[in-house]
Amino acid sequence: MSDSKGIEKAYESARQRYAELGVDTETAMERLGKTAISLHCWQGDDVGGFEGSEGLSGGGLMATGAYPGKARTADELRADLKKAMSLIPGKHRLNLHAMYAETSGKVERNELTAEHFAAWIEWAKVNGPGMDFNGTFFSHPKAESGFTLASADEGIRRFWVEHGIACRKIGAAMGKELGTPCVTNLWIPDGYKDIPVDRKGPREQLRKSLDEIFAESIDRRYLLDSVESKLFGIGSESYVVGSHEFYLGYAVRNNILLCLDTGHFHPTEVVSDKISSVLAFLDEILLHVSRGVRWDSDHVVILSDELRALACEIVRGDYLQRVHIGLDFFDASINRVAAWVIGTRCMLKALLIAMLEPTEKLREFEYNGDFTSRLAILEELKTLPFGAVWDYYCRKKDVPAGEDWLKEVRDYEAKVTNSRQR
Ligand code: RNT
Ligand code: ZN
């Protein structure tokens, strides 16, 4: 990567180039600096958690690969996250799963409290502007039947309802403690591998369970509830109880957040086109930005056309306050710290590119029916020097520009993660 002088020089010429189109690069960088991404803890240990079990099981989720050095303890995971965050410009949130509780001895999931996350909350006070949270409705003996909140077994259903209630209390405590609402997301794996006869029954069960979980109203300054849909999973190919229509309806009726995971739709469907539709009826949404390759494979997010389209929709619609951007991928085949850094930097790059767009100008073309200019300028924008603005932004935020971050990950690997034995 070039030295500071080179970065400044490149930035200066990029600044002028964007100014020609009426775009102020300084305003774009300022806006980007105010945008927090929620970094998911589970990339650091392949969705393992600290409950002492064999790790990820059931729920149709799969982390493939055996790259050495994964975090084995909460302290290691926090250290890895801190390293990743030090290579990402800006201040970002921490997204935790219930199975990352730190308990001395076994505590059942329906008995978890905020105390079991005290160390994480303390960490977030120092390292980030806030926390988000998720109930863990998989990797558990009571989820082995494939059904949790939609279970016809009252004991099982009740257990998971209690877990959901516990998670909302934990989320509220996190939000209160950190002074920023904790988006607490609920995703369940419930569904059938093969064609069911009764599609209605489990959905009625799920609705009843959700009503019980969300019965207590909690101050939105502390907690924002969200529900995540899915089209299919491994082992639930034919029927998923919590489908898109189900949760969209539930979220609209109950005025809670809907979580759109970019890997949870048919491969020809795109979440970028759903944002302005669902936000016509919902106050806020949560995104799980992921990358499915042929299926919901949760590959590391890259700067794809769809990622750019997603960022454009958020920025063009002026939705930055209403769309909570969380990441959801887990790749065990590459360095896990690098995975966080790559995915998060790509998300930020996509947002920066969107913020560097002369949107008003493009809108005018569109309103006036000048689709020729619209297409022409959109294509010209693709080769504008946003990379120079990005490098300058990274330097400004005291993190490595260009590929320089990789050397730091390699150093960390040699000094820290390589010495970890499984
Ligand atoms: C599963 C959902 C869910 C999980 C995480 C670990 O398909 O995407 O969000 O990936 O909660
Ligand atoms: Zn998700």
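Data block above holds the structure.
Report on the accompanying structure. What you are looking at is a predicted structure, and each value in this text was computed from that prediction instead of being measured.

Quick notes on the coordination of the zinc ion (ligand 2)
Thought 1: Protein coordination at the zinc ion (ligand 2): the donors are Glu228 (OE), Asp261 (OD), His288 (ND1) and Asp328 (OD), at 2.1 to 2.2 Å from the metal.
Thought 2: Around the zinc ion (ligand 2), the six donor atoms are arranged such that angles at the metal cover 71 to 169°; this shape is classified as octahedral.
Thought 3: Read N to C, the donor residues that coordinate the zinc ion (ligand 2) are spaced as E-x32-D-x26-H-x39-D. One end of the pair, histidine 288, is in strand β9 (residues 285–289); the other, aspartate 328, is in the loop between β12 (323–327) and α10 (336–355), with 40 residues separating them in the sequence. The same class applies to histidine 288 as to aspartate 328, namely buried.

Side note on the site of ligand 1
Thought 1: Around ligand 1, the neighbouring residues are Trp42, Leu61, His97, Trp187, Glu228, Lys230, Asp261, His264, His288, Asp296, Asp328 and Phe330.
Thought 2: Contacts to ligand 1 include glutamate 228, whose side-chain N or O atom sits 2.8 Å from an oxygen atom.
Thought 3: Protein contact buries 99% of the 300 Å² of open area that ligand 1 shows by itself.
Thought 4: Residue composition of the shell around ligand 1, grouped by class: four nonpolar, three polar and five charged.

Details of the environment of glycine 65
Thought 1: In this fold, glycine 65 is placed in the loop between β1 (37–40) and α3 (74–85).
Thought 2: Since its relative accessible area comes to 48%, glycine 65 is described here as partly exposed.
Thought 3: Each C-alpha atom of the pair glycine 65 and leucine 257 lies 33 Å from the other, and the pair is 192 residues apart in sequence.
Thought 4: With residues near it in sequence (within four places) discarded, glycine 65 still touches Ala332 and Ser333.

What counts, and at which threshold
Residues numbered from 1 in each chain as written. Chains lettered and ligands numbered in written order. Predicted model: local features only at pLDDT ≥ 70, side-chain atom pairs only at ≥ 80, totals over all residues. Heavy atoms only, no water. Donors = N, O, S within 2.8 Å, 3.2 Å for Na, K, Ca; no water. Tetrahedral: all angles 85-135°; square planar, octahedral: opposite > 155°, others 65-115°. Helix = DSSP H or I, 4+ residues; strand = E, 2+ residues; numbered from the N terminus. Buried < 20%, exposed > 50% of the residue type's maximum accessible area, 1.4 Å probe, protein only. Near = heavy atom within 4 Å. Polar contact = N/O pair within 3.5 Å; in protein donor to acceptor, adjacent residues only side chain to side chain. Areas by Shrake-Rupley, 256 points an atom, 1.4 Å probe, with all protein chains shown as cover. Nonpolar A, V, L, I, M, F, W, Y, C, P; charged D, E, K, R; others polar. Contact = heavy atoms within 4.5 Å.

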